[in-house]
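Listed below are the residues making up each chain.
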Amino acid sequence: MLDTILSFVAPHLCSGCGEIGTPLCDNCKYNITQDPFLSCLSCGKPTGAGGNLCLSCRPGYNKAWCVGERSGVLQRLVGNYKFQNMHAVHRSLSSLLDESLPNLPPETIIVPIPTSASHIRERGYDHMLLVVRHFARLRQLEVQQVVGRRGATVQHHANRQKRLAQVKQTFFVNHPIDVTVPYLIIDDVVTTGATVGYVSKLLRQAGAKQVWVAAIARQPID
Ligand SMILES: [Zn+2]
Ligand SMILES: [Zn+2]
């Protein structure tokens, strides 16, 4: 509602072509989904069709999917959402996830990677929870916030080792795990994979047999 009112004041522009009216027009969305991401979410090597986890990686999760590389239109779209506070982008992002992921069993539980309290305060909302809730509605799946987060922030520019140490202090399981159902962890951008890998291991240690990961974008390896 607030978003609708605001869109009259400052209309949304497509992050791809600048068309007025939506953060991502149908054409630009089509261009993203017609160019599927065919690399391993964990190591970046080519995987071919059928998911984004190669046979040699053992990152803690059993399956992975990713909408695309963090570049071009997808990078601008995610940037507009995370850093420009374009609230309406959550619908574009969940719709991209919906089109990029296969059918999931109806008992699948969706788990958002919790956002840090300071980022929620800055934006006024939990940006990942919005995406995840909208995606779950599209797929008629249940969301459970089974992972909690302590105050410390994970530094995005820290090296892999430092980042993993921070991740281990940050996340914990705060809810009983149903061993019979698959858990799908959703994150926005996967960089080193330390967060989704560690959270997957936490869920496995808590008893989950199937832990899957979906990401909106993967940071290209430079
Ligand atoms: Zn467009
Ligand atoms: Zn791999």
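Below is a summary of the structure that appears in this document. Predicted model only: the values in this text are computed from it and were never measured.

Points about the coordination of the zinc ion (ligand 1)
Ideal geometry at a metal centre gives angles of 109.5 degrees when four donors are arranged tetrahedrally and 90 or 180 degrees when six donors are arranged octahedrally. The coordination sphere of the zinc ion (ligand 1) contains the protein donors Cys14 (SG), Cys17 (SG), Cys25 (SG) and Cys28 (SG), at a distance range of 2.2 to 2.4 Å. Counting gaps between the donor residues of the zinc ion (ligand 1) yields the pattern C-x2-C-x7-C-x2-C.

As for the coordination of the zinc ion (ligand 2)
The zinc ion (ligand 2) binds to the protein through Cys40 (SG), Cys43 (SG), Cys54 (SG) and Cys57 (SG), with metal-donor distances spanning 2.3 Å. Coordination at the zinc ion (ligand 2) comes from four donor atoms whose angles at the metal span 105 to 115 degrees, giving a geometry best classed as tetrahedral. Spacing between the donor residues of the zinc ion (ligand 2) along the chain follows C-x2-C-x10-C-x2-C. Residue class for Cys40 comes out buried when judged on its relative accessible area of 0%.

What about the pattern of salt bridges?
The full count for this structure, using the stated rule, is three salt bridges. Linking Lys82 and Asp188 is a salt bridge whose minimum nitrogen-to-oxygen distance equals 3.1 Å. Of this pair, Lys82 sits in helix H3 (residues 72-83) while Asp188 sits in strand E6 (residues 183-190), placing them 106 residues apart in sequence. By relative accessible area, which is 15% here, Lys82 ends up buried. Residues Asp98 and Arg139 are paired through a salt bridge, measuring 2.4 Å at the closest nitrogen-oxygen approach. Here Asp98, found in helix H4 (residues 89-100), pairs with Arg139, found in helix H6 (residues 127-139); they are 41 residues apart in sequence, far enough to count as distant. Residue Asp98 is classed as partly exposed on the basis of its relative accessible area, which comes to 25%. Judged by relative accessible area, which is 17%, Arg139 ranks as buried.

Describing the nonpolar core
Judged by nonpolar contacts, the single largest core of 33 residues is most densely connected at Leu93, Leu97, Leu184 and Ile186. One finds Cys66, Ile177, Val181 and Val190 within the second-largest nonpolar core, a separate group that totals 27 residues.

Digging into the pairing of E6
Counting buried positions along E6 gives eight out of eight residues, so the element sits mostly inside the fold. Alignment of strand E2 (residues 109-112) against E6, held across four bridges, turns out to be parallel. Residue pairing across strands places Pro112 opposite Ile186, the latter belonging to E6. Examined bridge by bridge, E6 and strand E7 (residues 211-218) share seven bridges and lie parallel to one another. Residue Val189 lies in a different strand from E7, and its bridge partner there is Ala217. Note that the unit made of E6, helix H8 (residues 194-205) and E7 has a crossover that is right-handed.

Quick notes on the packing of aromatic side chains
Throughout the structure, instances matching the rule amount to two aromatic pairs. Aromatic pair Trp65 and Trp212: ring centres 5.9 Å apart, planes at 90 degrees, arrangement edge-to-face. Here Trp65, found in strand E1 (residues 63-69), pairs with Trp212, found in strand E7; they are 147 residues apart in sequence, far enough to count as distant. Owing to a relative accessible area of 10%, Trp65 belongs among the buried residues under this scheme. Judged by relative accessible area, which is 6%, Trp212 ranks as buried. Taking 6.3 Å as the distance between ring centres and 25 degrees as the angle between the ring planes, the aromatic pair formed by Tyr81 and Tyr125 counts as stacked. Taken together, the residues Tyr81 in helix H3 and Tyr125 in the loop between helix H5 (117-123) and H6 connect sequence positions 44 residues apart.

The rules we used
- Residues numbered from 1 in each chain as written.
- Chains lettered and ligands numbered in written order.
- Predicted model: local features only at pLDDT ≥ 70, side-chain atom pairs only at ≥ 80, totals over all residues.
- Heavy atoms only, no water.
- Donors = N, O, S within 2.8 Å, 3.2 Å for Na, K, Ca; no water.
- Tetrahedral: all angles 85-135°; square planar, octahedral: opposite > 155°, others 65-115°.
- Buried < 20%, exposed > 50% of the residue type's maximum accessible area, 1.4 Å probe, protein only.
- Salt bridge = Lys/Arg side-chain N within 4 Å of Asp/Glu carboxyl O.
- Helix = DSSP H or I, 4+ residues; strand = E, 2+ residues; numbered from the N terminus.
- Core = buried A, V, L, I, M, F, W, Y, C linked by side-chain atoms within 4.5 Å.
- Pairing = 2+ DSSP bridges.
- Right-handed = clockwise from strand over helix to strand, strands pointing away.
- Phe/Tyr/Trp six-rings, centres within 6.5 Å; stacked < 30°, edge-to-face > 60°.

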